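Chain by chain, the residues run as shown.
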Amino acid sequence: MALSLPPTDSTTQFRFGVTGMTCASCVGRVERALQQLPGVQDASVNLATEMASVTTDGSVSTAAVAAAIQAAGFGVAIEEIAMGILGMTCASCVGRVERALAKVPGVQSASVNLATETARVQVLAGTPRAALQQAIVDAGYGVRTETAATGASSPKVERPTASREARHLVLAALLSLPLALPMLAMPFGAHWELPGWLQWLLATPVQFWLGARFYRAGWKAVQARTGNMDLLVALGTSAGYGLSVYHLLAVPPHHGAPPLYFEASAIVITLILLGKWLEAQAKRQTTEAIRALQALRPLTARVQRGEHEEDVPIDAVAPGDVVLVLPGERLPVDGEIIEGRSHSDESLISGESLPVPKAPGDRVTGGAVNGEGRLRVRTTAVGAESALARIIRLVEDAQARKAPIQRIVDRVSAVFVPIVLLIAVATLLGWGLLDGDWSQAVLHAVAVLVIACPCALGLATPTAIMAGTGVAARAGILIKDAEALETTRRLRTIAFDKTGTLTAGQPTLAGLETFGLADAEALGVAAALQAGSEHPLARAVLDAAQQRGVAREVATDVIAVAGRGVDGRVRGVRWVLGNGAWLDALGVDRGVGATVATAAAEAGRTVSWLARQTATGWQAQALLTFGDPPRPEAREAIAALQAMGLRTVMLSGDHRGAALGVARVVGIPDSDVQADVLPRDKADAVRRLADDGLVGMVGDGLNDAPALAAADVGFAMGSGTDVAMHAASVTLMRPDPRLVADAIDISRRTTRKIHQNLFWAFIYNLIGIPLAAAGLLNPVIAGAAMALSSVSVVSNTLLLRRWAPRARH
């Protein structure tokens, strides 16, 4: 249904949000900056709503407006709008919708995906959605409702469309089959021929009823002064049908049976309908992963209200509510177990194939299947904030965005249809003028129009990205966008953080040496300094103090020094707990502890010193050594990356002995170990590694955030429920370093599929169009080849679904 907007004259008015304003003088500054732009007729800014309204003569771009505001020291609020598009059939349609959206005032960028049939539009905040919808309608397309405009097509929208397409295909086949039988029987010596009037009766409903979609979409393309696949099909089949009608009515009967080509036009339409139906079926399979994730959302939850339990809609559950989950049920919310023990099947969320044991205090993720125990769970997140919802958003975003290689395809598609029309006209005139047989000339031109289909070009890249990111998500690998997917395959070096990445991240206190201090007192002071810290070594100290029954002291003025340790006061005395480099900086004499520390470091243990400040200076009081064994999968992960031709490097804040101890176990060469690297220096280390090619950084996504950002591709290891999902290019849903090699493998395979698809899409046209123009291609064969091109591209993509990760248990 078309959307109406109020009539406008030559002026253009749009509203958008402005950020950073605090007072009336800010308003004046923004207004002056806008009014100074050439073409701006009026500008007003409202401080309360933080909105600006600008009237222009139509010559001012939104980019110029945004630049003027930013130059004045303020920001422009940008938002992204997702919309479902109806009626797109090929890559040319994609370009037309994008150009139409780009002309709407306030639009910063527009990206349209043919496979998902969605548009992602970056607009100035406040840009009316109705203006975007009207632009799409004016371009000849429709807009789906909000419920259908998800990253993957909604089943409620698909089913009626799919059934209608299937019915039309069956009817077209039934009507076309009698026309095709004489042609099929000819190689066997049978010469059947239906009466001309019967051929006309069979072909007409196929042409104008079942083929009406091509006329409607083709006419909209003409109105928009552009071309698309439907226009080519409509022109080609109409020419064949019209020529047949002319011969049927105009050729005198005594000349014998007139040459009729009804079977060509009808069969071409039937084959194209078959191709579109097969293509739609295959496209739905590429979205299987996202639909599987969406199906994990339970509709209700059993909530404890006082002493009673009641089933409530999932939208009615709030953080803090206690939810009861029975054995075999799906967890409806993210939360923390407060009662009960069980196992959680998280295979569809994290790719973890084995059930994970759960006990009170453990976190659980909505969508996972509860095992054998009855659980009481305190809700921590529901709805859009749940881990499952965030995973679905990430996968949808990745599937909806374009890969860099798609820009080349878009440029080709923009000129493809006009060039094909010129070739068809040249074929018609060339054969007609040189040979004199205008009937054959028309058929050759029809073959050119029918074989030249840009559908395959438009589907080659997005379907591969959808399939690749889908199977990756099923394996526990979340790829942020198509650009990250393409970049990952070109990595040359993978840098790993040590603690929590290559090691289990759960170090234990392996040894305690004291110098003039009781063990219990030393451990009590260390625990006091580490109280409240989430650092793995801090947890090891606190666990050891608890296990040994040591009374914890109370520390004051505690300061955490990045890359060094902690500094604080216990019973009025200043203490520090940190690494050897910090003790050297403080001028502490390590005494006999130096030998013990060296031996522990050589054994691969992490060393921390406890020192206190005395009247004569700092004095070492204890030496704590920690053990953090490598993950069982780490050696296999490093071997897999090295077998793929990648250099593996360790960047660790630990001392060199501990770093080397782990590196030698997992297989990283000593020369590729960088130890004693402070968090702020890891980013610089990554940039230096980039001199030898693209670098991937693997870390926990929190203290390694600068290095993850500095890398060409950041891999965040963890549960996928923290900010790492937004900071990294790739999120590994479980702490298994083998997933890094799997991510690179699926990136390479997906990119290879894109290249294969583009090859096939181009080769059909590069071979088919010259053959058709040379008169060597029957229109029916051309129609079959055109339908086959799209189907073969999507079918080739679906081979990605057979990919299986190495990181399987």
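- By the naming in an unreviewed UniProt entry, the protein chain goes by P-type Cu(2+) transporter and is assigned to Montanilutibacter psychrotolerans.
- On record in UniProt, under Sequence similarities (unreviewed entry), the comment for the protein chain is "Belongs to the cation transport ATPase (P-type) (TC 3.A.3) family. Type IB subfamily."

## Brief notes about the overall build of the protein chain
- Regarding its fold elements, the protein chain presents 28 helices and 30 strands.
- Looking at the protein chain as a whole, 53% of its 809 residues are labelled buried.
- If you take every contact in the protein chain between residues at least 6 apart in sequence, the share linking residues at least 24 apart comes to 70%.

## Some details on a nonpolar patch on the surface
- Together, Val170, Leu171, Leu174 and Trp209 make up a nonpolar patch on the protein surface, roughly 400 Å² of accessible area in all.
- Ranked by residue count, the leading element in the nonpolar patch is helix α5 (residues 155–185), at three residues.
- For Leu174, the position within the fold is in helix α5.
- Overall, the relative accessible area of 56% leaves Leu174 in the exposed class.

## Thoughts on the UniProt feature "transmembrane region" (unreviewed entry) in the protein chain
- Sites flagged by UniProt as "transmembrane region" (unreviewed entry) map to residues 169–190, 196–215, 227–248, 260–278, 412–434, 440–460, 757–774 and 780–800.
- End-to-end, the C-alpha atoms of residues 260–278 are 29 Å apart, and along that stretch the chain is 89% helix and 0% strand.
- Overall, residues 757–774 shows 94% helix and 0% strand. The separation of its end C-alpha atoms is 26 Å.

## What to know about the nonpolar core
- Membership of the largest hydrophobic core comes to 124 residues, with the highest contact counts inside it found for Ile494 and Phe715.
- Ranked by residues supplied to this core, first place goes to helix α27 (residues 738–773) with eleven residues.
- If we skip the residues at most four places from it in the chain, Ile494 touches Leu641, Leu646, Arg647, Thr648, Val649, Gly696, Val698, Phe715, Val740 and Ile744.
- Ranked by size, the runner-up nonpolar core spans 27 residues in total, among them Ala301, Val333, Ile391 and Val395.

## Focus: the environment of Pro360
- Within the element layout of this structure, Pro360 appears in the loop between β14 (356–358) and β15 (363–364).
- Judged by its relative accessible area of 42%, Pro360 falls in the partly exposed class.
- In sequence terms Pro360 and Gly340 are 20 residues apart; their C-alpha atoms lie 6.4 Å from each other.
- The residues contacting Pro360, other than those within four sequence positions of it, are Ile337, Ile338, Glu339, Gly340 and Arg341.

## A look at the pattern of salt bridges
- Taken as a whole, this structure holds 18 salt bridges when the rule is applied.
- In this structure, Asp692 and Arg647 form a salt bridge, with 3.5 Å as the shortest nitrogen-oxygen distance. One end of the pair, Asp692, is in the loop between α24 (679–689) and β28 (694–699); the other, Arg647, is in strand β26 (residues 647–651), and 45 residues separate them in sequence.
- Note on Asp692: relative accessible area 54%, which makes it exposed.
- Overall, the relative accessible area of 30% leaves Arg647 in the partly exposed class.
- Among the charged side chains, a salt-bridge network with shared partners connects Arg302, Asp311 and Glu329.

## Observations concerning the confidence of the model for the protein chain
- The pLDDT averaged across the protein chain works out to 81; a share of 89% of its residues lies at or above 70.
- Across residues 1–8, where pLDDT falls below 50, the model places eight contacts with residues more than four positions away in sequence or in other chains.
- Across residues 147–160 the pLDDT falls below 50, and counting only partners more than four positions away or on other chains, this stretch makes 20 contacts in the model.

## Side note on the packing of helix α14 (residues 438–451) against helix α28 (residues 779–798)
- As a packed pair, α14 and α28 sit with axes 8 Å apart at the nearest point and diverge in direction by 5°. The angle between α14 and α28 places the two elements in the roughly parallel class. Side by side, α14 and α28 meet where Leu443, Val446, Ala447, Val450 and Ile451 of the first sit next to Pro779, Ala782, Gly783, Ala785 and Met786 of the second.
- Split into classes, the residues belonging to the contact of α14 with α28 amount to nine nonpolar, one polar and no charged.

The rules behind each value
- Residues numbered from 1 in each chain as written.
- Predicted model: local features only at pLDDT ≥ 70, side-chain atom pairs only at ≥ 80, totals over all residues.
- Heavy atoms only, no water.
- UniProt positions renumbered as here; feature names shortened; annotations may be inferred.
- Helix = DSSP H or I, 4+ residues; strand = E, 2+ residues; numbered from the N terminus.
- Buried < 20%, exposed > 50% of the residue type's maximum accessible area, 1.4 Å probe, protein only.
- Contact = heavy atoms within 4.5 Å.
- Patch = residues over 30% accessible without salt bridge, like charges linked within 9 Å, V, L, I, M, F, W, Y side chains within 5 Å.
- Areas by Shrake-Rupley, 256 points an atom, 1.4 Å probe, with all protein chains shown as cover.
- Salt bridge = Lys/Arg side-chain N within 4 Å of Asp/Glu carboxyl O.
- Core = buried A, V, L, I, M, F, W, Y, C linked by side-chain atoms within 4.5 Å.
- pLDDT = per-residue confidence, 0-100.
- Axes fitted to C-alpha atoms, helices over the stretch in contact; angles between N-to-C directions.
- Parallel < 35°, antiparallel > 145°, perpendicular 65-115°, else oblique.
- Nonpolar A, V, L, I, M, F, W, Y, C, P; charged D, E, K, R; others polar.

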